[in-house]
Amino acid sequence: MGSFISSSILLLFLLFPTIIQHAKPAMSLPLSTNSRWIVDEEGRRVKLACVNWVSHLETVVAEGLSKQPMDMIAKRIVTMGFNCVRFTWPLFLITNDSLACLTVRQSFQRLGLLESIAGIQSNNPSIIDVSLIKAYQAVVSSLGKNNVMVILDNHLSKPGWCCSDFDGNGFFGDQYFNPDLWITGLTRMATLFNGVTNVVGMSLRNELRGHKQNVNDWYRYMQKCAEAVHSANPDVLVILSGLSYDSDLSFIQNRPVQLSFSGKLVFEVHWYGFSDGQTWVTGNPNQVCGRVAKDMMRRSGFLVDQGYPLLVSEYGVDQRGTNVNDNRYLNCFLGVAAELDLDWALWTLVGSYYLREGVIGLNEYYGVLNYNWCETRNSSFIKRISALQSPFRGPGLSETKLHKVIFHPSTGLCVIRKSFLDPLLLGPCADSESWSYSSDKTLVVKGTYFCLQADESGTLTKLGIFCSDSNSKWEMIADSKMHLSSKLRNGKSICLDVDSSNAIITNSCKCISKDNTCDPASQWFKLVDSTRSISEEQSFLHFDYIFDLPGKGFPLNLMVGSI
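Residues numbered from 1 in each chain as written. Predicted model: local features only at pLDDT ≥ 70, side-chain atom pairs only at ≥ 80, totals over all residues. Heavy atoms only, no water.

Student: Can you explain the overall build of the chain? Please cite residues and give values.
Tutor: A tally of regular secondary structure across the chain gives 14 helices and 24 strands. For 563 residues, the compact-globule estimate of 2.2 N^0.38 gives 24 Å, and the chain sits close to it at 26 Å. Oriented by its inertia axes, the alpha-carbon framework of the chain measures out at about 90 × 50 × 45 Å. In the chain, which comprises 563 residues, the share counted as buried stands at 59%. (Helix = DSSP H or I, 4+ residues; strand = E, 2+ residues; numbered from the N terminus. Rg over C-alpha atoms; globule rule 2.2 N^0.38 Å. Buried < 20%, exposed > 50% of the residue type's maximum accessible area, 1.4 Å probe, protein only.)

Student: Account for the sheet that holds strand E5 (residues 149–156), with residues named and values stated.
Tutor: By definition, the strands of a sheet pair up through backbone hydrogen bonds, in either a parallel or an antiparallel sense. Within the closed barrel, the eight strands sit side by side as E3-E4-E5-E6-E7-E8-E9-E10. Their pairing is parallel. Strand-to-strand twist across the sheet, computed as the mean angle between neighbouring axes with direction ignored, equals 25°. As judged from the four bridges shared by strand E3 (residues 49–53) and strand E4 (residues 84–90), these two strands associate in the parallel manner. Residue pairing in the sheet places Trp 53 in a bridge with Phe 87 of E4. (Pairing = 2+ DSSP bridges. Axes fitted to C-alpha atoms, helices over the stretch in contact; angles between N-to-C directions.)

Student: Outline the packing of aromatic side chains, supporting the account with residue identities and numerical values.
Tutor: Tallying each qualifying case throughout the model produces 26 aromatic pairs. When the ring of Phe 108 is compared with that of Tyr 354, the centres are 4.8 Å apart and the planes differ by 85°; the resulting orientation is edge-to-face. Here Tyr 354 lies in the loop between strand E10 (343–346) and strand E11 (355–356) and Phe 108 lies in helix H5 (residues 104–109), a separation of 246 residues in the sequence. For Phe 108, a relative accessible area of 0% corresponds to the buried category. A centroid spacing of 6.5 Å and a plane angle of 50° characterise the contact between Phe 274 and Tyr 366, whose relative ring orientation is tilted. (Phe/Tyr/Trp six-rings, centres within 6.5 Å; stacked < 30°, edge-to-face > 60°.)

Student: I'd like a rundown of the sheet that holds strand E23 (residues 504–507), residues and numbers included.
Tutor: Taken in spatial order, the four strands make up an open sheet running E20-E21-E22-E23, and their pairing is antiparallel. The open sheet has two free edges, formed respectively by strand E20 (475–477) and E23, since each of these has just one partner strand. For this sheet the average axis-to-axis angle between neighbouring strands, irrespective of direction, equals 45°.

Student: Give me the lowdown on the UniProt feature "domain: Glycoside hydrolase family" (unreviewed entry) in the chain, citing residues and values where you can.
Tutor: Residues annotated in UniProt with the feature "domain: Glycoside hydrolase family" (unreviewed entry) correspond here to residues 69–349. Along residues 69–349 one finds 43% helix and 14% strand; the C-alpha atoms at either end are 15 Å apart. (UniProt positions renumbered as here; feature names shortened; annotations may be inferred.)

Student: Outline the side chain of Glu 207, listing residues and values.
Tutor: With respect to the helices and strands, the residue Glu 207 is situated in the loop between strand E6 (199–203) and helix H9 (215–232). For the buried Glu 207, which has no salt bridge, the nearest side chain bearing the opposite charge is Arg 209, at an N-O separation of 5.3 Å. A polar side-chain atom of Glu 207 sits 2.8 Å from a polar atom in the side chain of His 270. Not counting residues within four places of it along the chain, the set of residues in contact with Glu 207 comprises Cys 162, Cys 163, Gly 170, Ser 241, Tyr 245, Asp 246, His 270 and Glu 314. (Lys, Arg positive; Asp, Glu negative; His and termini not counted. Salt bridge = Lys/Arg side-chain N within 4 Å of Asp/Glu carboxyl O. Polar contact = N/O pair within 3.5 Å; in protein donor to acceptor, adjacent residues only side chain to side chain. Contact = heavy atoms within 4.5 Å.)

Student: How would you sum up the state of the cysteines? Please name residues and give values.
Tutor: Taken as a whole, this structure holds seven disulfides when the rule is applied. A sulfur-sulfur distance of 2.1 Å marks the disulfide that ties Cys 451 to Cys 467. Judged by the sign of its S-S torsion, about -105°, the bond between Cys 451 and Cys 467 is left-handed. One end of the pair, Cys 451, is in strand E18 (residues 451–453); the other, Cys 467, is in the loop between strand E19 (462–464) and E20, and 16 residues separate them in sequence. Unpaired in this structure, Cys 225 has its nearest cysteine sulfur neighbour in Cys 162, at a distance of 17 Å. (Disulfide = S-S within 2.5 Å.)

Student: Account for the pattern of salt bridges, naming residues and giving values.
Tutor: In total, this model carries 19 salt bridges according to the counting rule given. A salt bridge links Asp 71 to Lys 75, with the shortest nitrogen-to-oxygen separation between them at 2.7 Å. Residue Asp 71 and its partner Lys 75 are located together in helix H2 (residues 70–79), separated by four residues, close to a single helical turn. Asp 71 sits in the partly exposed class, given a relative accessible area of 29%.

Student: Which residues make up H9, and what values go with them?
Tutor: Helix length check: H9, at 18 residues, gives a terminal C-alpha distance of 26 Å against a target of 26 Å (1.5 Å per residue), a fit within 8%. Considered for burial, the residues of H9 that qualify are Trp 218, Tyr 219, Tyr 221, Met 222, Gln 223, Cys 225, Ala 226, Ala 228, Val 229, His 230 and Ala 232. Summarising the contacts, the buried residues of H9 are in contact with helix H8 (179–192), E6, strand E7 (237–240) and strand E8 (265–270). Between the side-chain oxygen at the start of H9 and the backbone nitrogen of Asn 216 there is a gap of 3.3 Å, and the oxygen is on Asn 214. (Expected span 1.5 Å × (residues − 1).)

Student: Summarise helix H7 (residues 132–145); cite the residues concerned and give the values.
Tutor: Along its 14 residues, H7 runs 20 Å from first to last C-alpha, staying within 8% of the 20 Å computed at 1.5 Å per residue. Asn 147 lies just past H7 and shows a positive phi near 60°.

Student: Could you give an account of the environment of Tyr 366, with specific residues and numbers?
Tutor: Residue position: Tyr 366 is located in the loop between strand E12 (359–360) and helix H13 (379–385). In this structure Tyr 366 comes out as buried when scored by relative accessible area, which is 15%. Along the backbone, Tyr 366 and Leu 102 are 264 residues apart, and their C-alpha atoms lie at a distance of 30 Å. A polar contact is formed between the side chain of Tyr 366 and the side chain of Asp 326, at a distance of 2.7 Å.

What follows is the structure, given as structure tokens:
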């Protein structure tokens, strides 16, 4: 295990500030909390839409710097719509003498990674002969210059791939996890980045796990470390992870965290498809989504109702789109994330690794960048999550009255209407139609008399003003609560669906039985609360004036039975 802080590391600390450049991100920093929301200094909600950038493996250098200049990577992060990076680091970076004193070149040389040295020399020559901690700071500085916020995530203690129950990094008292050394290291890191504006949060520890984990030690050490970090750097959000690989915070429900400070506490949770094994493939998607989403609310989602921000600090899928388990999970996850309007951090930015688990140059298929870090691996995925990169609601976002948007997780789009004569379509959520959902289960376009109606199965939906019939009532059905179902006049149940041109139609409801071979994704919708205003050129249906047809004395919205 690494030795405690010594004079050699303290000498390095004195030199650190010389390379820090103070950034001025677009929002007013630092951040704090207002009930379940993260807000800026003006009290306006800031939604964290982050991507994880790995810097905790054996090299202890941010991945990808042999492929592209760090500034180019930072700009790519911005163009993909992310406003934040969860930047991982190992505890030994700041508590182990022999590691802390290594230069980037020396770190790669000891691992025999000569090709990576040449790549860093070419793409990022300014860091090749600086210490590992200075290289880490340089990346934070580059992100700051591009207005990207940073969460410093203590991923593990000993550098390497994470995680297992037996890697010695899992819980307090494990081989590489001395709690006193950990608190010392987190305090040093908080001090080091005090005053670095774009460092907005510190995640105290990633994925606590293993046979030693217990609730009492969690409270003892997490609260102690939270106090130490806040004392060293009062500006940062203090982010606490749970137990069982950061899937379980249920113990908080009856035993709140006790801290001397307020307005800075955030909780984090992880949620992947593989978190539930292969159940998305072997089970009925509606049943699995309902069960897993309910379990997530019981284990962590309840925190938003208790007035705490919840950051899903890791979620992600195989970007090749061929993993059925991942694909089905993602549809459910995006529905829940939209409905709760959660903050999140995607795993991962990384297109390839210098060295992971003994493999040089391993291709990371969960990475949003490709192997050479020069292009997006799957541009359709980025478009799909773009609607969730902006907040739907929160303090300071009362741009319009509270309404519903109809979100389609499979595409990341919302129900829109381009013009008076066009059918309802899927389109950007920024252009979404505003709906109200009444107690009698009618979906009405806000500001009008028009309600959503079903016609025959396989046909376009329509809008009408006679809204008392069964085909104007829409109920969220199935375990997933993501099918919008209505009954035709003949008593047949149908569900909202999407055709190949993204037009909103109705069809027989999919996967309502226990069948595990079907895929209900096209029929999954979420009614999401929003106070976000729509685009200026949006819907012609939003009018408050009387429009007389030539030769008639009737207002248009009372003449038209359906359109």
